[in-house]
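Read off the chains here:
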Amino acid sequence: MRHVPLFIWYYLGTAAIVFVGALVHRRRVLDQPSELRLDEITPAQAGYLDSGERLAVYSALAALRRVDAVGVTADRRLTVTGPLPPGASRLDQAVYAAAGTGLSQQWLRADPAVQGAVVELRQGLERAGLLLGREVRRSARGGAWLMLVLLAVGAARLGIGIGQGAPVGYLWLALALVGAAYLALIARIPRRSLTASAILVQLRRANRKLAPAARPDLREQDPDAVAMAVALYGVGVISTLDPEMAREADDERRSAYSGPTGDAGSASPSHSYGDHTTGDSGSGGCGGGSGCGGGGGS
């Protein structure tokens, strides 16, 4: 190793400092504190944190179904069956209004009012520090650009060395290591903060009785519990409340991932950042699928 050029040692040492600093910075960005306490998290917020807009919307729909405010007709269209309950959120109101138009359940998330309520929900979670907005995620990747500069410096040095006929084997190896570090730093940044992931774990622990393994009968639960069950454990738990609604939700999930052309997402009625519990949740939830229910999965 005594023949390794001094430049290589300085180069790799600088890269190591940048890499560690970038990881520390990323951790600090992802671990920002929340402005919401655990007991302030609504089911719709929990659903969005878990898997995006799908569970947020379905948590509201399930709560409305529990109080017989909405239902599903024989031709699989939503309908209003009772008054809107007091204290309804904007998302609840939007879902209720959409049901009043006879909208198909599969296209509920495409309703403009529902989409507007979901955007407001997402923005609130971003302001609370639970969801990471575009600027925050860009900041978390800040160290990657420094590593890219180091790659450019190394590439320039490599070109000079090749032009002068100097041995560049160690420099190739150093560039490979720095390149790997750069790829690691530009890897996907989660949409939710570490605090949000911890909150989801705590919510599931506090609501174990609503888990699919506990076989909860949502007809015996209050509307908030029904909404939270869907938010934390997936749309499939609705099967004990309304089997037809659960089947329609399952059909929607299938069409969203394998439309008429066979392309994933080709038939999705609207965009969300993920309908399944992601690996960074640390919770093992069921996400947006419907396979979690008693009869009833990024």
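### Side note on the overall build of the chain
Then step 1. Of regular secondary structure, the chain possesses 11 helices and 2 strands.
Then step 2. Of the regular secondary structure in the chain, the N- to C-terminal order runs α-α-α-β-β-α-α-α-α-α-α-α-α.
Then step 3. Total accessible area on the chain stands at roughly 14400 Å², and carbon and sulfur atoms take up 58% of it.

### Let's talk about the pattern of salt bridges
Then step 1. For the structure on display, the rule yields 14 salt bridges.
Then step 2. Between R204 and D50 there is a salt bridge, with the nearest N and O atoms lying 3.2 Å from each other. One end of the pair, R204, is in helix α9 (residues 194-206); the other, D50, is in helix α2 (residues 43-51), with 154 residues separating them in the sequence.
Then step 3. Among the residues examined, D50 registers a relative accessible area of 1% and is labelled buried.
Then step 4. We note a salt bridge from R109 to E53, for which the minimum N-O separation is 3.3 Å. Of this pair, R109 sits in the loop between α4 (90-100) and α5 (112-127) while E53 sits in helix α3 (residues 53-66), and the two are 56 residues apart along the sequence. Grouping residues by exposure puts R109 and E53 together as buried.
Then step 5. Taken together, the shared-partner salt bridges connect R76, E244, R247, E248 and D251 into one network.

### Concerning the nonpolar core
Then step 1. Grouped together as the largest cluster of nonpolar side chains are 53 residues, with contacts concentrated most on L91, V95, V114 and I238.
Then step 2. Residue assignment for this core shows that the elements contributing at least two residues are α2, α3, β1 (70-72), α4, α5, α9, α10 (223-233) and α11 (243-257).
Then step 3. The residues contacting V95, other than those within four sequence positions of it, are V57, A60, L61, L64, L108 and V114.
Then step 4. With 19 residues, the next largest nonpolar core counts Y11, A144, V168 and L171 among its residues.

### Brief notes about a nonpolar patch on the surface
Then step 1. A cluster of nonpolar side chains, namely L6, W9 and Y10, defines an oily patch on the protein surface of about 390 Å² accessible area.
Then step 2. Position of L6 relative to the elements: it lies in helix α1 (residues 6-30).
Then step 3. Exposure remark for L6: the relative accessible area of 55% places this residue in the exposed category.

### So, the packing of α3 against α10
Then step 1. Across the interface, α3 lies against α10 with an axial gap of 8 Å and an inter-helix angle of 150 degrees. With respect to each other, α3 and α10 are oriented roughly antiparallel. Classified by chirality, the crossing of α10 by α3 is right-handed. Residues L55, Y58, S59, A62, A63 and R66 of α3 touch α10, and the partners they reach there are P223, V226, A227, V230 and A231.
Then step 2. For the contact of α3 with α10, the per-class residue count stands at 9 nonpolar, 1 polar and 1 charged.

### Regarding the environment of L30
Then step 1. Residue placement: L30 occurs in helix α1.
Then step 2. Among the residues examined, L30 registers a relative accessible area of 8% and is labelled buried.
Then step 3. As a C-alpha pair, L30 and I189 span 159 residues in sequence and 8.7 Å in three-dimensional space.
Then step 4. L30 has contacts with L132, I189, P190, S193, L194 and T195, leaving out every residue within four places of it along the chain.

### Remarks on α2
Then step 1. Burial runs high along α2: 9 of the 9 residues are buried.
Then step 2. For α2, the set of buried residues is P43, A44, Q45, A46, G47, Y48, L49, D50 and S51.
Then step 3. Looking at the buried side of α2, the elements it contacts are α3, α4, α5, α9 and α10.
Then step 4. Positive phi appears at G52, one or two residues downstream of α2, with a value of about 100 degrees.

### Examining the packing of aromatic side chains
Then step 1. In this structure the tally under the stated criterion is 1 aromatic pair.
Then step 2. Arranged with centres 5.5 Å apart and planes meeting at 20 degrees, the rings of F7 and Y11 form a pair that is stacked. In this pair, F7 and Y11 both sit in helix α1, 4 residues apart, roughly one turn of the helix.
Then step 3. Residue class for Y11 comes out buried when judged on its relative accessible area of 4%.
Then step 4. The cationic tip of R157 hangs over the ring face of F7; the distance from NZ or CZ to the ring centre is 4.1 Å.

### A look at the confidence of the model for the chain
Then step 1. With 85% of its residues at a pLDDT of 70 or more, the chain shows a mean pLDDT of 81.
Then step 2. When the criterion is pLDDT under 50, residues 258-298 qualifies, and its contacts beyond four places in sequence or with other chains add up to 119 contacts.

### Describing α9
Then step 1. Look at α9: 19 Å from first C-alpha to last across 13 residues, which is about the 18 Å you get at 1.5 Å a residue.
Then step 2. Here α9 has its buried residues at T195, A196, S197, I199, L200, L203 and R204.
Then step 3. Residues of α9 that are buried make contact with α1, α2 and α10.

Rules used throughout
- Residues numbered from 1 in each chain as written.
- Predicted model: local features only at pLDDT ≥ 70, side-chain atom pairs only at ≥ 80, totals over all residues.
- Heavy atoms only, no water.
- Helix = DSSP H or I, 4+ residues; strand = E, 2+ residues; numbered from the N terminus.
- Areas by Shrake-Rupley, 256 points an atom, 1.4 Å probe, with all protein chains shown as cover.
- Salt bridge = Lys/Arg side-chain N within 4 Å of Asp/Glu carboxyl O.
- Buried < 20%, exposed > 50% of the residue type's maximum accessible area, 1.4 Å probe, protein only.
- Core = buried A, V, L, I, M, F, W, Y, C linked by side-chain atoms within 4.5 Å.
- Contact = heavy atoms within 4.5 Å.
- Patch = residues over 30% accessible without salt bridge, like charges linked within 9 Å, V, L, I, M, F, W, Y side chains within 5 Å.
- Axes fitted to C-alpha atoms, helices over the stretch in contact; angles between N-to-C directions.
- Parallel < 35°, antiparallel > 145°, perpendicular 65-115°, else oblique.
- Left-handed = near helix turned anticlockwise from the far one by under 90°.
- Nonpolar A, V, L, I, M, F, W, Y, C, P; charged D, E, K, R; others polar.
- Phe/Tyr/Trp six-rings, centres within 6.5 Å; stacked < 30°, edge-to-face > 60°.
- Lys NZ or Arg CZ within 6 Å of the ring centre and 35° of its normal.
- pLDDT = per-residue confidence, 0-100.
- Expected span 1.5 Å × (residues − 1).

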